Amino acid sequence: MKTSVALAAMATPMLAFAQSADPVRWQLNMGRGVTPLSNNAYDAHMLALWICLGIGVAVFIAMGIAMFRFRKSRGAVADTTFVHNTRLEIVWTVIPVILLVVMAAPATTKLVKMYDHRDSEMTVKVTGYQWMWEYEYLGEDVSFVSRLDREHDRIRQSGVVPGHEDHPTYLLEVDNELVLPVDTKVRFVITADDVIHSWWVPALGWKQDAVPGIINEAWADIDTPGIYRGQCAELCGKDHGFMPIVVRALPKAEFQQWLASKKAAGADVANAVPQSPRSDTEITTETDTAAAVAVAR
């Protein structure tokens, strides 16, 4: 029994390498995510982690050896020439420089890719409001507002503390999800209408501020269908904590069906709006305007 418990404890850190895209309870490591950018961030993180781990192990081993072998009780005498040893000074200057270059080279390349929006197949405009998001599929005549799910909003205002078993995604559900196709490079243009917000879905691997009067850009290419959640990551007011984001990634065929249904629904709403009859004044004004244009010609 003790052996199995010990093995489980040793394996716990390794489980962190197989996390799902969204954060989970007791997660120890950074999630890999579902986009090229999130994978780049994960790889850069792991490279730095292993280098730091190696440095830590080497330093603690050296400290242990020094404290054990060169302690005063064994008659050790301090070496006054060690601090001013030219070779050692060169070694512990050159090695950190090499490590920094090893980390900086791939990090710079991946950072450049984060801002490469070329060859995007579609564009989604994201606008932050207090306290909701508006999504507009540019060129598709489809837009809608996404806000905290009504039931979750009711629960939070009722004073009841919901349990994780009954509401595992409490305050992370919305009434209208942002639907995107997988294996498609999607460009985001992000802004705000009132105050600074920040659009953040951890599984996508980036976070971008939504600033009034400014258009920021980002992109994502989701490789796995699923539901990915996030939140506003900027303190935007009293209801900042109730401004979730839900992205539903669908296969391309299913996304096209969803998009067609949204277009059809929008067309039905437009056709259902009654046209108010024009008054005699409007008709007279229109006639006079047409006559004036004819005289001018």
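A quick note: this is a predicted structure, and the numbers were derived from the prediction, not measured. (Residues numbered from 1 in each chain as written. Predicted model: local features only at pLDDT ≥ 70, side-chain atom pairs only at ≥ 80, totals over all residues. Heavy atoms only, no water.)

### Looking at the overall build of the protein chain
Helix and strand counts for the protein chain come out as 6 helices and 10 strands. Across the 297 residues in the protein chain, those meeting the buried criterion constitute 27%. By sequence separation, contacts in the protein chain at least 24 residues apart represent 64% of the contacts at least 6 residues apart. Roughly 19,300 Å² of accessible area belongs to the protein chain as shown, and the carbon and sulfur atoms make up 61% of that amount. (Helix = DSSP H or I, 4+ residues; strand = E, 2+ residues; numbered from the N terminus. Buried < 20%, exposed > 50% of the residue type's maximum accessible area, 1.4 Å probe, protein only. Contact = heavy atoms within 4.5 Å. Areas by Shrake-Rupley, 256 points an atom, 1.4 Å probe, with all protein chains shown as cover.)

### With respect to unusual backbone geometry
Backbone phi values are negative for most residues with the exception of glycine, while trans is the configuration of most peptide bonds. Here the amide bond leading from Q130 into W131 is cis, since omega sits at 0°, within 30 degrees of zero. Summarising the element assignment, W131 is placed in the loop between β1 (122–129) and β2 (132–137). Phi at D119 takes a positive value of approximately 65°, unusual for a residue other than glycine. Looking at the secondary structure, you find D119 in the loop between α3 (86–114) and β1. The residue L171 is not glycine, and still its phi comes out positive at about 70°. A residue is classified by how much of its surface remains accessible, and L171, at 15% relative accessible area, is buried.

### Things to note about the pattern of salt bridges
Once their charged atoms are close, side chains differing in charge can pair, the charge on each being opposite to the other. Evaluation of the coordinates by the stated rule reveals 10 salt bridges. As a salt-bridge pair, R32 and D43 come within 3.7 Å of each other at their nearest N and O atoms. Of this pair, R32 sits in the loop between α1 (2–15) and α2 (36–69) while D43 sits in helix α2, placing them 11 residues apart in sequence. Using a relative accessible area of 37% as the deciding quantity, one classes R32 as partly exposed. For D43, a relative accessible area of 35% corresponds to the partly exposed category. (Salt bridge = Lys/Arg side-chain N within 4 Å of Asp/Glu carboxyl O.)

### Brief notes about the packing of α2 against α3
For any two helices packed against each other, one specifies the crossing angle of their axes together with the interaxial distance. It is the contact of α2 with α3, at a shortest axis distance of 10 Å, that shows an interaxial angle of 170°. As summarised for this structure, α2 and α3 are arranged roughly antiparallel, according to the angle between their axes. Note on element contacts: α3 touches α2 through L99, V102, M103, P106, K110, K113 and M114, opposite L37, N40, D43, A44, L47, A48, I51 and I55. Counted by class, the contact of α2 with α3 contains 11 nonpolar, 1 polar and 3 charged residues. (Axes fitted to C-alpha atoms, helices over the stretch in contact; angles between N-to-C directions. Parallel < 35°, antiparallel > 145°, perpendicular 65-115°, else oblique. Nonpolar A, V, L, I, M, F, W, Y, C, P; charged D, E, K, R; others polar.)

### With respect to the nonpolar core
Among the nonpolar cores identified, the biggest contains 39 residues, and Y137, F188 and W199 are the most heavily contacted of them. Ignoring sequence-local partners within four residues, the contact set of W199 consists of V126, W133, Y135, L178, F188, I190, L204, W206, K207, Q208, I245 and V247. (Core = buried A, V, L, I, M, F, W, Y, C linked by side-chain atoms within 4.5 Å.)

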